[in-house]
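This is what each chain is made of:
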Amino acid sequence: MSKFTIVIHGGAGTILREHMTGDLEAAYTEGLKTAVDTGFAVLEQGGAAINAVKAAIVVLEDNILFNAGRGSVFTKKGVQEMDAAIMSGATLEAGAVAGVRNVRNPIMLATEVMLHSNHVFLSGKGANDFAIKQGIKLEPDEYFFSQFRYDQWQAIRHSDDYALDHSVQTNSNEFPDKKFGTVGAVACDINGNIAAATSTGGMTNKKYGRIGDTPIIGSGTYANNKTCAISCTGHGEMFIRAVASYDVSCLMEYKGMNLEDAMNEVVNVKLPKLEGEGGMIGVDADGNWSLNVQSAPGGLFIETGRQAGPCDGPGEIGSSQRRLRSVEEHVGLRL
Ligand code: ASP
């Protein structure tokens, strides 16, 4: 295996065209580029896909612009409850957390669950207790406060509505444009091992301890070297019902579809039947990658990917062989 690839996404939802300014695009570009470069550097040094996706997600969780970690949306009760998952396609090991609070990097906690808990999926207070036991970094509530998320929440907090973070339009003049989303990463390393990771604050104004698709293995996140690594974003309830990411894997394994066709089937045929809004990114063990977001009106999907090869080993890649697919080429804005 010689080709290695990382693709990340920054969420799906609805944003008004007038809010897509140059500043907004620049902020997206910078945040995504830093994350993809961080993950790519791991792969370039011969590192494992699982470490690359984790490293990319940590960068996005630390960026207040994205709905994950620091920039997570507000629940009905006005707090942040975060979900995350990570999975290795090489071993089928997985770790996930749901409804965790004050954890700086939920993807680190999910990784700890995978490696050191003897379990796959921890939630709520128990997950927080495990975070403390493992020495995972916690932050006070103030760390997670952002005015634009607060304004998004104010717009719907007195209703029973809940919304994708991109989809809440507010009158805030301070941060009118900064509606960024759930984050995900998929990667294929030089050994042909693949991995997926996804992290989110979920949906604005969610209640009753609602958990979305993100931490559910096979729905929002899945990886299997035999088929693909997938990270989803969108209205989680429908991705859960569609078992979306595992379905892509099944279409590849049992029907012999390639990555692109399998993702197209799930995103553009199966999910619309459930009125599911969103998209996904994927890689296979040959380093091929694909993204798919519904072509229905009202969607924003942001991704960037980086691929290099062929090479004989770490550090032997000529720059002419390196391909950077820029955010500008792949920001999908459909209004
Ligand atoms: N899928 C996430 C959830 O339902 C939200 C998102 O992708 O923005 O929690």
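In the block above lies the structure referred to throughout.
My aim in this report is to walk through the structure given alongside it, one point at a time. (Residues numbered from 1 in each chain as written. Predicted model: local features only at pLDDT ≥ 70, side-chain atom pairs only at ≥ 80, totals over all residues. Heavy atoms only, no water.)

So, on to the packing of helix α7 (residues 244–255) against helix α8 (residues 259–273). Taken N-terminus to C-terminus, the directions of α7 and α8 make an angle of 135 degrees; their axes are 9 Å apart at the nearest point. As far as their axial angle goes, α8 and α7 are oblique. Between α7 and α8 the crossing geometry is right-handed. The residues of α8 that touch α7, namely those facing Ala244, Asp247, Val248, Leu251 and Met252, are Leu259, Ala262, Met263, Glu265, Val266 and Lys270. Taken together, the residues of the contact of α7 with α8 sort by class into eight nonpolar, no polar and three charged. (Axes fitted to C-alpha atoms, helices over the stretch in contact; angles between N-to-C directions. Helix = DSSP H or I, 4+ residues; strand = E, 2+ residues; numbered from the N terminus. Parallel < 35°, antiparallel > 145°, perpendicular 65-115°, else oblique. Left-handed = near helix turned anticlockwise from the far one by under 90°. Contact = heavy atoms within 4.5 Å. Nonpolar A, V, L, I, M, F, W, Y, C, P; charged D, E, K, R; others polar.)

The next subject is the side chain of aspartate 189. Its location among the elements puts aspartate 189 in the loop between β5 (183–188) and β6 (194–200). For the buried aspartate 189, no salt bridge exists, and the shortest N-O distance to an oppositely charged side chain is 13 Å, to lysine 54. For aspartate 189, the side chain forms a polar contact with the main-chain nitrogen of asparagine 191, separated by 2.9 Å. (Buried < 20%, exposed > 50% of the residue type's maximum accessible area, 1.4 Å probe, protein only. Lys, Arg positive; Asp, Glu negative; His and termini not counted. Salt bridge = Lys/Arg side-chain N within 4 Å of Asp/Glu carboxyl O. Polar contact = N/O pair within 3.5 Å; in protein donor to acceptor, adjacent residues only side chain to side chain.)

This brings us to the environment of serine 88. Turning to its location among the elements, serine 88 is positioned in strand β2 (residues 82–88). Distance from serine 88 to alanine 48, taken between C-alpha atoms, is 9.6 Å for residues 40 residues apart in sequence. Apart from residues lying up to four places away in sequence, serine 88 is in contact with Ile50, Glu93, Ile194, Ala195 and Ala223.

The next subject is the site of the ligand. With respect to spatial proximity, 11 residues lie near the ligand, and among them Thr182, Arg210, Asp213, Thr233 and Gly234 are the closest. In this structure, arginine 210 approaches the ligand through a side-chain N or O atom, which is 2.8 Å from an oxygen atom. One of the side-chain nitrogen or oxygen atoms of threonine 233 is found 2.6 Å away from an oxygen atom of the ligand. In isolation the ligand exposes 270 Å². Once the protein is present, 100% of that is buried. (Near = heavy atom within 4 Å. Areas by Shrake-Rupley, 256 points an atom, 1.4 Å probe, with all protein chains shown as cover.)

If you walk through the whole model with that rule in mind, you get nine salt bridges. For aspartate 62, the salt bridge is made with arginine 104, and the minimal N-O distance between the two is 3.4 Å. Here aspartate 62, found in the loop between α2 (49–61) and β2, pairs with arginine 104, found in the loop between β3 (94–100) and α3 (106–116); they are 42 residues apart in sequence, far enough to count as distant. On the basis of relative accessible area, aspartate 62 is assigned to the partly exposed category, the value being 27%.

Ile6, Ile8, Ile86 and Leu109 are the most contacted members of the largest nonpolar core, which has 48 residues in total. Within the second largest apolar cluster, 17 residues are counted, among which are Ala244, Ala262, Met263 and Val266. (Core = buried A, V, L, I, M, F, W, Y, C linked by side-chain atoms within 4.5 Å.)

Time to look at unusual backbone geometry. In the Ramachandran plot, asparagine 102 falls in the positive-phi region, its phi being about 65 degrees despite a non-glycine side chain. Along the chain, asparagine 102 turns up in the loop between β3 and α3. A positive phi angle, near 65 degrees, is found at asparagine 118, a position not held by glycine. Here asparagine 118 is to be found in the loop between α3 and β4 (121–123). Asparagine 118 gets classed as exposed once you look at its relative accessible area, which sits at 79%.

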